[in-house]
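Fold and contact review
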Amino acid sequence: MPDKSNRASLLADASKRLEEALKHVTISEDAIARLQHPKTSLSVSIPVRMDDGKLKVFSGYRVRYDDTRGAGKGGVRYHPHVTLDEVQSLAFWMTFKCALLDLPFGGAKGGIIVNPKELSKAELERLSRGYIDAIADAVGIDIDILAPDVYTNATIMGWMMDQYSTIRRQLCRGVVTGKPLALGGSQGRDTATAMGAFTVIQTMLPKFKLIPSETTVAVQGFGNAGATIADLLAEAGYKVVAVSDSQGGIYAPQGLDITSVKKHKNQSREMKAVYCHDSVCSIVEHQVISNQELLALDVDVLIPAALENQITASNAADIKAKYIFEVANGPINSDADKILAAKGIYVFPDILVNAGGVTVSYFEWVQNRSGWYWTLAEVNQRLQDKMLIEAEKTWSISQDLTIDIRTAAYVHALNRLGTALDAKGTKSYFTSGV
Ligand code: NAD
């Protein structure tokens with residue numbers, strides 16, 4: 001679970017990455033001042049009629065951190081530990097991620113304090129529609145666009161788009177991305193985050209002379225992002241030796257058959273190392289491990305793909321992986337950054353590695369607006385092209401300035417954000433009349 005003691009400082013911690021990157025860019029003081037605060041933070045109460053007839057009021061948030069480069073863009077998280085601070089940090093990361101990928105969007109995020117597993121499907125639908133009723137004035141196709149995040153999915157996005165369209169009395173497909181295909185979703189959105197991460201991994205590891213068959217990988221989190229990246233890596237010949245979910249993990253040094261693990265988990269909700277032939281699955285030898293043990297495994301590549309604050313000052317010294325690719329948002333805090341750097345571990349940051357999701361969300365928004373839908377091959381090719389360009393650019397900034405890859409990613413994003421913010425007017429325009 002995220003370390004609750006650290007949660008109050010999430011946004012402050014996220015901002016430390018900004019401070020570090022600011023040492024390497026030349027942008028105006030005005031731009032810096034504007035990037036230090038979220039533009040709007042909305043807190044809402046959502047009354048929901050439960051199946052037993054009682055009324056329950058949930059708390060939710062929608063934060064638009066910055067919209068200088070375009071409408072706010074960001075997912076909606078359903079989790080019992082959602083806080084405004086967390087949503088603000090996630091919106092901050094979205095701002096930099098969209099700039100890094102050169103998408104015409106700013107950064108936003110939303111969340112509801114709820115354990116969705118405790119709600120019936122009908123209650124979940126009423127909650128999702130109620131959330132849209134509460135935030136409808138703050139979102140829109142050219143204002144702020146929603147998407148899935150932890151414990152939200154395409155079905156929920158479909159309800160949200162439908163509710164917003166009902167309120168506006170017109171079909172507003174582009175207000176939500178990550179929708180079901182039948183409601184204007186994009187091909188490839190469900191696998192986009194992992195596909196993008198896969199492109200980054202495939203681009204970066206050869207720089208260190210690593211080849212798939214000799215590279216061991218551990219993946220924390222077995223949801224949309226984690227299970228898909230584990231699958232893609234296993235298919236490409238990497239040795240995925242450990243995976244985990246919120247209940248714990250499994251480890252098999254000889255490598256896991258990820259397709260079978262996924263099949264078994266879907267059928268039984270439990271995680272076991274299995275081999276499945278048609279409908280017959282047999283359990284194979286494996287160790288049951290905790291999430292902390294998974295993080296400390298002696299593997300080449302570690303992929304945190306669950307929640308934030310998983311690697312902090314309290315466990316960073318235990319990390320043995322040589323390369324970390326952050327598929328989750330904010331899995332490593334800034335104190336841990338220093339410890340990992342001192343150990344010579346390369347960290348490829350969330351705002352680059354998991355940007356495939358928002359990139360295909362952008363493609364979905366473009367398709368909704370144009371009414372022209374792309375094939376899966378077109379989506380994946382455009383995604384790969386974009387991820388490759390920005391990953392290579394980030395890498396060269398890190399090499400040219402001799403800085404770590406996270407700082408390089410922020411520098412790259414900051415250059416774009418600074419230019420946009422300054423184009424709106426700066427102090428020097430005002431004082432010198434230029
Ligand atoms: P998901 O809800 O599909 O899956 C989350 C997974 O994490 C589940 O397997 C869950 O069991 C596991 N988990 C929860 N708490 C855990 C814990 N304490 N330890 C280990 N595992 C735990 O969510 P997702 O969409 O896969 O998102 C995962 C991460 O990726 C989040 O940080 C999210 O912000 C980030 N992300 C997702 C997308 C996307 O498109 N899905 C895009 C960008 C970033």
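Everything numeric in this text was worked out from a predicted model, so none of it was measured. (Residues numbered from 1 in each chain as written. Predicted model: local features only at pLDDT ≥ 70, side-chain atom pairs only at ≥ 80, totals over all residues. Heavy atoms only, no water.)

On to the site of the ligand. Neighbouring the ligand are 23 residues; Asp149, Thr193, Asn224, Ala225 and Asn329 lie closest to it. In the environment of the ligand, an oxygen atom lies 2.8 Å from a nitrogen or oxygen atom belonging to the side chain of Asp149. Taking Phe222, its main chain carries an N or O atom lying 3.0 Å from an oxygen atom of the ligand. Starting from 830 Å² of accessible surface for the ligand in isolation, the protein chains cover 92%. For the shell around the ligand, a count of residues per class yields 10 nonpolar, 9 polar and 4 charged. Split by domain, the residues of the shell around the ligand number at least three in each of domain 1 (39–183) and domain 2 (192–353). (Near = heavy atom within 4 Å. Polar contact = N/O pair within 3.5 Å; in protein donor to acceptor, adjacent residues only side chain to side chain. Areas by Shrake-Rupley, 256 points an atom, 1.4 Å probe, with all protein chains shown as cover. Nonpolar A, V, L, I, M, F, W, Y, C, P; charged D, E, K, R; others polar. Domains from an automatic or database assignment.)

By size, the foremost hydrophobic cluster in this structure holds 91 residues, and its most contacted members are Phe96, Val243, Ile303 and Phe325. Ranked by the residues each element gives to this core, the list is headed by helix α4 (residues 84–100), at 10 residues. Taken domain by domain, this core gets at least three of its residues from each of domain 1 (39–183) and domain 2 (192–353). When residues no more than four places from it in sequence are discounted, the contact partners of Val243 are Val219, Phe222, Ala230, Gly249, Ile250, Leu256, Ile258, Val261, Met271 and Leu294. Counting residues in each nonpolar core, the second largest holds 27 residues, with Ile132, Ile135, Val139 and Trp159 among its members. (Core = buried A, V, L, I, M, F, W, Y, C linked by side-chain atoms within 4.5 Å. Buried < 20%, exposed > 50% of the residue type's maximum accessible area, 1.4 Å probe, protein only. Helix = DSSP H or I, 4+ residues; strand = E, 2+ residues; numbered from the N terminus. Contact = heavy atoms within 4.5 Å.)

According to the domain assignment, the chain contains domain 1 (39–183) and domain 2 (192–353). Distance from the C-alpha centre of domain 1 to the C-alpha centre of domain 2: 28 Å. Tallying the contact residues gives 14 residues for domain 1 and 9 residues for domain 2. Contact between domain 1 and domain 2 buries roughly 860 Å² in total, counting both sides, with carbon and sulfur atoms accounting for 58%. The largest share of the area that domain 1 buries against domain 2 comes from Trp93, Lys97 and Leu100, three residues that together contribute 49% of it. For the pair domain 1 and domain 2, the interface holds 1 salt bridge. Elements that contribute at least two residues to the side of domain 1 that touches domain 2 include exactly β3 (72–79) and α4. (Buried area = accessible area lost by both parts, 1.4 Å probe. Salt bridge = Lys/Arg side-chain N within 4 Å of Asp/Glu carboxyl O.)

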